[in-house]
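# Architecture at a glance
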Amino acid sequence: LLNSDSDSITGRAGELFENSLALAPDNPKALFYGGIAAVSRGNTSLAADRWEALLAQSPPPEVQAILRDRIAVWRDESGGTAVAADTGSDEAVIRVELSMSEDARQAVSPDATVYVIARDPAQPSPPIAAVRRKAAELPLTLTLGDADSMLPGRRLSSFDRVEIVARASLSGQPLEQPGDWYGRQTIAAGDAAHIRIERKVP
């Protein structure tokens, strides 16, 4: 996959992805192909930066595994810090009690994806950890731990305070969109979060 059609990705197609990233730096497709284009030009550091940004958007687990594997290789080639698989324990760090208001439930499909994200209040992006659920599963209690970390080496257990955001995505995309419903709470390490999805993104 990474070596296929490399000539075209460094030509006009590569230019288009660079333009897309300039206009929408969080676009998942542009980040993916922009990373391939960067490594085709020999810029493995930039490729790793772009795929780390893509990794922070909580793609499916099987995609995360591919991203982490290639990022580790590219970081090693560029002399940067390798991003290896997280070896943290599965012990729960934060307990999240998640519910949804009646208004939100009427507006959101039962099949809608609910993203539950832990982030640093002082530096919200990229997220520290994230999990996905379906709206039909709410109310529920879940846990976020080091095993849910987005970037290896950036452990949830190393933060004294975190902001927990739960968002029901109408589009299915991990990035916030108008019309999504959400709730959030900032807590101290070790505290439980009580999140009610009840506010609408304007």
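Residues numbered from 1 in each chain as written. Predicted model: local features only at pLDDT ≥ 70, side-chain atom pairs only at ≥ 80, totals over all residues. Heavy atoms only, no water.

Bringing the sheet that holds strand β8 (residues 199–200) into the picture now. Across the sheet, five strands lie side by side as β3-β2-β5-β6-β8; this open sheet has antiparallel pairing. Strands at the two margins of the open sheet, each flanked by one partner only, are β3 (129–134) and β8. Both strand β2 (residues 113–119) and strand β5 (residues 161–169) contribute to a ladder of seven bridges, which runs antiparallel. Opposite Ala 118, over in β5, you have Ile 164 as the bridge partner. (Pairing = 2+ DSSP bridges. Helix = DSSP H or I, 4+ residues; strand = E, 2+ residues; numbered from the N terminus.)

So, on to the confidence of the model for the chain. A residue-level look at the chain finds 83% of positions with pLDDT of 70 or above and a mean pLDDT of 81. Across the chain, the secondary-structure element scoring lowest on mean pLDDT is helix α1 (residues 6–9), at 46, and the one scoring highest is strand β7 (residues 193–197), at 97. This stretch, residues 1–7, has a pLDDT under 50; its non-local contacts, to residues over four places away or in other chains, come to six contacts. Counting contacts from residues 81–90, a segment whose pLDDT is below 50, to residues more than four positions away or on other chains yields 21 contacts. (pLDDT = per-residue confidence, 0-100. Contact = heavy atoms within 4.5 Å.)

What follows covers the nonpolar core. Among the nonpolar cores identified, the biggest contains 29 residues, and Leu 98, Val 116, Leu 144, Ile 164 and Ile 197 are the most heavily contacted of them. Every element with two or more residues in this core is listed here: β1 (92–100), β2, β3, β4 (140–145), β5, β6 (181–188) and β7. Once residues lying within four places of it in the same chain are set aside, the contact partners of Ile 164 are Ile 94, Val 96, Val 116, Ile 117, Ala 118, Leu 144, Gly 183, Arg 184, Gln 185, Ile 187, Ala 193 and Ile 195. One finds Leu 21, Leu 31, Ala 47 and Leu 55 within the second-largest nonpolar core, a separate group that totals 14 residues. (Core = buried A, V, L, I, M, F, W, Y, C linked by side-chain atoms within 4.5 Å. Buried < 20%, exposed > 50% of the residue type's maximum accessible area, 1.4 Å probe, protein only.)

By the criterion of burial, β2 is predominantly enclosed, with six of the seven residues buried. Looking at chain direction, β2 and β3 are connected through six bridges and run antiparallel. If you follow Ile 117 over to β3, its bridge partner there is Ala 130.

A few words now on helix α4 (residues 44–55). The end-to-end C-alpha distance of α4 is 16 Å, a good match for the 16 Å that 12 residues give at a rise of 1.5 Å each. What α4 keeps buried is the set Thr 44, Ala 47, Ala 48, Arg 50, Trp 51, Glu 52, Leu 54 and Leu 55. (Expected span 1.5 Å × (residues − 1).)

Cis geometry is adopted by the peptide bond preceding Pro 139, which originates at Leu 138 and carries an omega value of 0°. Relative to the assigned elements, Pro 139 resides in the loop between β3 and β4. For Ser 58, which is not a glycine, the phi torsion comes out positive at approximately 60°. When its relative accessible area of 8% is taken as the criterion, Ser 58 is described as buried.

In this section: the pattern of salt bridges. Enumeration according to the criterion identifies six salt bridges in this entry. A salt bridge links Arg 95 to Glu 97; the shortest N-O distance between them is 2.8 Å. Each of the salt bridges in this network shares a partner with another, and the network as a whole consists of Arg 119, Glu 163 and Arg 184. (Salt bridge = Lys/Arg side-chain N within 4 Å of Asp/Glu carboxyl O.)

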